[in-house]
Structure formats: structure tokens, C-alpha cells
Amino acid sequence: MTRDLTHTSDVVSPPAAQACPHRIAVCTTCGRRADGSPGAGARLLEHLRDAMASDPRRTGSFVAFTLVDVACMAGCARPCTVAFQAEGKASYLFGDIDPEADVAALVAFAVQYAGLADGWCSASSRPPALVNKTLARLPALAPNIPSSRSLKEKAR
């Protein structure tokens, strides 16, 4: 049985935005409650959606983001986890995110990330609330990267 691990949520963007090259993924398994009420991850997604939709920077140059809920991002030791991704940019994974207290920092990072050509920024330039919550920064995939097998064949 195949299970879809992501669900595309609202696109939070200015009215004139045509494409949505940026994505924020939120683990909704984080903090799941046994009684079925929304856990921390689900609350974070809701708060983040509301904050981005009402952010005054949403007009003009604000870049569109797709908010995606993910069944699990394997950050269980440091929930809630949130990822920022865009084609051609470094990706970021944050953990230990408080669904209420860290929303403003996530929105600020979204604005910052949208303005970075390659997505690369130092820890000290990120919003202070996220500096110690960065779990990973992954380099962007470069187009046409040869596989290790191709490299070995070329070396012969």
C-alpha cells in the first residue's frame, strides 16, 4: 500500500503571484495527541498559515509559499519540525519549534529565505529564535550531477 506523506495546503501568496517556488513543510505527527485533538504540529501549521496570510509583507515583493503538512519528518527527538525548500536553494530543517512562540520567527525567516538567491545564510543572520533550532542545512541539488557510478566509469 502506498501512503502519501505530504498534503498540499493553502498557497499563501500575494494575489498576483503566478507560481509558488517556495515550500514550507510542517510535521503534523509531532505532538499528536491520543485523544484525537490537534497536536503541536497541526497547531503550528494552522498558526503559520494564519500568520503568513495576514503578514503585511504579503503584498508587493513577498514570495509565494506553499504550506505542506507532512506525516513524519523524522525529527521526533526535537519536535515540532519545519522545513524550508525551494528549487535551486539550500533547504533548512528546524526543530524544537514552539507552535505559538516561534511563528513570528518562522515568518521572518520565510521573508529572508525568499530573498536569498541560493538560500544560503549563516546562523547568525537567521532570526534569533531559530539560531539554536537549526537541525540541518542541505545544499541545493545541482542539475546534472553525475552519479558515483558515472564518475567511476569516467575515471577508467
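Everything below is about the structure printed above this text.
Residues numbered from 1 in each chain as written. Predicted model: local features only at pLDDT ≥ 70, side-chain atom pairs only at ≥ 80, totals over all residues. Heavy atoms only, no water.

Enquirer: Looking at this structure, how should I read the overall build of the protein?
Expert: Looking only at helices and strands, the protein features three helices and six strands. Shown N-terminal to C-terminal, the secondary structure of the protein runs as helices and strands in the order β-β-α-β-β-β-α-β-α. Counting across all 156 residues of the protein, residues that qualify as buried make up 38%. Considering only contacts in the protein between residues 6 or more positions apart, those separated by 24 or more positions represent 70%. In the form shown here, the protein has an accessible surface area of approximately 8,900 Å², with 55% of it arising from carbon and sulfur atoms. (Helix = DSSP H or I, 4+ residues; strand = E, 2+ residues; numbered from the N terminus. Buried < 20%, exposed > 50% of the residue type's maximum accessible area, 1.4 Å probe, protein only. Contact = heavy atoms within 4.5 Å. Areas by Shrake-Rupley, 256 points an atom, 1.4 Å probe, with all protein chains shown as cover.)

Enquirer: Would you mind going over the pattern of salt bridges with me for this structure?
Expert: Pairs can form between side chains of opposite charge whenever their charged atoms are close. Under the defined criterion, the tally for this structure stands at three salt bridges. Among the ionic pairs, Arg-78 bridges to Asp-96, the shortest N-O distance being 2.6 Å. Here Arg-78, found in the loop between strand 3 (65-70) and strand 4 (82-86), pairs with Asp-96, found in the loop between strand 5 (91-94) and helix 2 (103-114); they are 18 residues apart in sequence, far enough to count as distant. With a relative accessible area of 28%, Arg-78 lands in the partly exposed category. Residue Asp-96 is classed as partly exposed on the basis of its relative accessible area, which comes to 31%. Asp-102 is paired through a salt bridge with Lys-133; the nearest N and O atoms lie 2.5 Å apart. Of this pair, Asp-102 sits in the loop between strand 5 and helix 2 while Lys-133 sits in the loop between helix 2 and strand 6 (134-138), and the two are 31 residues apart along the sequence. Residue Asp-102 is classed as buried on the basis of its relative accessible area of 5%. Judged by relative accessible area, Lys-133 falls into the buried class, the value being 18%. (Salt bridge = Lys/Arg side-chain N within 4 Å of Asp/Glu carboxyl O.)

Enquirer: In this structure, what is going on with the environment of Arg-137? I would like to understand it.
Expert: When you line up the elements, Arg-137 lands in strand 6. Here Arg-137 falls in the partly exposed class, since its relative accessible area comes to 31%. Sequence separation of Arg-137 and Cys-121 is 16 residues, and the distance between their C-alpha atoms is 9.4 Å. The contacts of Arg-137, once residues within four sequence positions are left out, are Ala-90, Ser-91, Tyr-92, Trp-120, Cys-121, Ser-122 and Arg-126. Within polar-contact distance, the side chain of Arg-137 engages the backbone oxygen of Cys-121 at 2.7 Å. (Polar contact = N/O pair within 3.5 Å; in protein donor to acceptor, adjacent residues only side chain to side chain.)

Enquirer: Would you take a moment to explain helix 1 (residues 40-54) for this structure?
Expert: Helical periodicity: at 3.6 residues per turn, an α-helix aligns residues three or four positions apart in one direction. Taking 1.5 Å of rise per residue, the 15 residues of helix 1 would be expected to cover 21 Å, and the 21 Å separating its terminal C-alpha atoms lies within 8% of that figure. Along helix 1, the positions that sit buried rather than exposed are Ala-40, Gly-41, Leu-44, Leu-45, Leu-48 and Met-52. Buried residues in helix 1, looked at end-on, bunch into an arc of 135 degrees, giving them a common side. (Expected span 1.5 Å × (residues − 1). Arc of directions from axis to C-beta.)

Enquirer: Help me out: how do you make sense of unusual backbone geometry in this one?
Expert: Of all residues except glycine, most have a negative phi; of all peptide bonds, most are trans. The step from Pro-79 to Cys-80 runs through a cis peptide bond, and the omega angle for that step is -5 degrees. Its place among the elements puts Cys-80 in the loop between strand 3 and strand 4. Phi at Ala-74 is positive, roughly 60 degrees, even though this residue is not glycine. If you trace the backbone, Ala-74 turns up in the loop between strand 3 and strand 4.

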